[in-house]
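Overview (structure and organization)
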Amino acid sequence: MSGIYLVSFGQIQPGLLNDLSEELGNRLTYPVVSNYRHTIPEDALNQERRQYMASTFLSKLRRVTGTDSSKLLGITEVDLYSTGLNFVFGQADVGGKASVISLARLHPQNADDKNGLFQERILKEAVHELGHTFGLEHCRDHHCVMHFSNGIAQTDIKSASFCARHKAEFETNKRPVETEQTMQQSRDALG
Ligand SMILES: [Zn+2]
Ligand SMILES: [Zn+2]
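Residues numbered from 1 in each chain as written. Chains lettered and ligands numbered in written order. Predicted model: local features only at pLDDT ≥ 70, side-chain atom pairs only at ≥ 80, totals over all residues.

1. Structural notes on the overall build of the protein
Each helix and strand counted, the protein has six helices and nine strands in total. The proportion of buried residues among the 191 residues of the protein is 33%. Of all intrachain contacts in the protein linking residues separated by at least 6 positions in sequence, the fraction that spans at least 24 positions is 63%. (Helix = DSSP H or I, 4+ residues; strand = E, 2+ residues; numbered from the N terminus. Buried ≥ 20, exposed ≤ 12 C-beta atoms within 10 Å, placed from the backbone. Contact = placed C-beta atoms within 7 Å.)

2. Quick word on the pairing of strand β5 (residues 71-76)
If a strand is regular, its side chains alternate between the two faces of the sheet. Buried residues dominate β5, accounting for six of its six residues. The alternating pattern of β5 places Lys71, Leu73 and Ile75 on one face and Leu72, Gly74 and Thr76 on the opposite face, and all of these are buried. Sheet topology places β5 next to strand β9 (residues 98-102); five bridges connect them, and they run parallel. Each residue of the ladder has a partner; that of threonine 76, found in β9, is serine 102. (Pairing = 2+ DSSP bridges.)

3. Structural notes on unusual backbone geometry
One non-glycine residue, threonine 29, adopts positive backbone phi at about 40°. Turning to its location among the elements, threonine 29 is positioned in the loop between α1 (14-28) and β2 (32-38). Among the residues examined, threonine 29 registers 10 C-beta atoms within 10 Å and is labelled exposed. Positive phi, normally seen in glycine, also occurs at arginine 50, with a value near 55°. Along the chain, arginine 50 falls in the loop between β3 (45-46) and β4 (51-53). By C-beta crowding, arginine 50 is classed as exposed, having 10 other C-beta atoms within 10 Å.

4. Remarks on the confidence of the model for the protein
Counting all residues, the mean pLDDT for the protein is 90, and 88% of those residues have values of 70 or more. Every residue in residues 178-190 is under pLDDT 50, and counting partners more than four places away or in other chains gives zero contacts. (pLDDT = per-residue confidence, 0-100.)

5. Structural notes on the sheet that holds strand β8 (residues 90-92)
Taken in spatial order, the five strands make up an open sheet running β2-β1-β5-β9-β8, and their pairing is mixed. Lying at the two open borders of the sheet, with one neighbouring strand each, are β2 and β8. Within the sheet, the average angular offset between the axes of one strand and its neighbour, ignoring direction, is 15°. Summarising the sheet, strand β1 (residues 4-9) and β5 pair through six bridges and their orientation is parallel. (Axes fitted to C-alpha atoms, helices over the stretch in contact; angles between N-to-C directions.)

6. A short note on the sheet that holds β4
If you trace the four strands from one edge of the open sheet to the other, you get β3-β4-β6-β7, paired in mixed fashion. Since the sheet does not close on itself, it has two edges, and those belong to β3 and β7 (85-88), each with one partner. In terms of strand pairing, β3 meets β4 through two bridges, oriented antiparallel. Of the residues in β4, the one forming a bridge with leucine 45 is tyrosine 52. Its contacts with the sheet put helix α2 (residues 54-62) on β4, β6 (80-82) and β7, and the angle it makes with β6 is roughly 100°.

Here it is, written out as structure tokens:
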């Protein structure tokens, strides 16, 4: 069965994962099938930067077997970076299977509104990276969840929803497996 698999790299609050899994299922109307655990890949650590290379997390996820038609979202508390960038909130294979988000920079400064704001930011980054795995690119609309966040202010400005164009694209791309099979069958039938 294809779906979204949440994979925690290292320790993540269980309540947080449950909430995210429920929110994603509702918003994307896509099954969030399971929670997996993975150790933090120490080969991703850059000692000088004290940050982890995001692409290493993606390659670990690509190797998870039995999830071929699924999307995997890695979640970690460690700070991630990518070549040429000081940090990244997340990274994903566009139109692929693997995506990852870091919670390190999503923690609110103000402890008072901690829970609501933290969850909201996590949801936005999760939908954004998963959106990439469904083939969506960045959006110019600042409110679209596919807008690129350079900093937390941009994450807070955007919504957790797709703009109309990306919503349509997401709905089309959500069923690639069935579509491909149908096309294959019809080609076979003709040939
Ligand atoms: Zn992006
Ligand atoms: Zn958009």
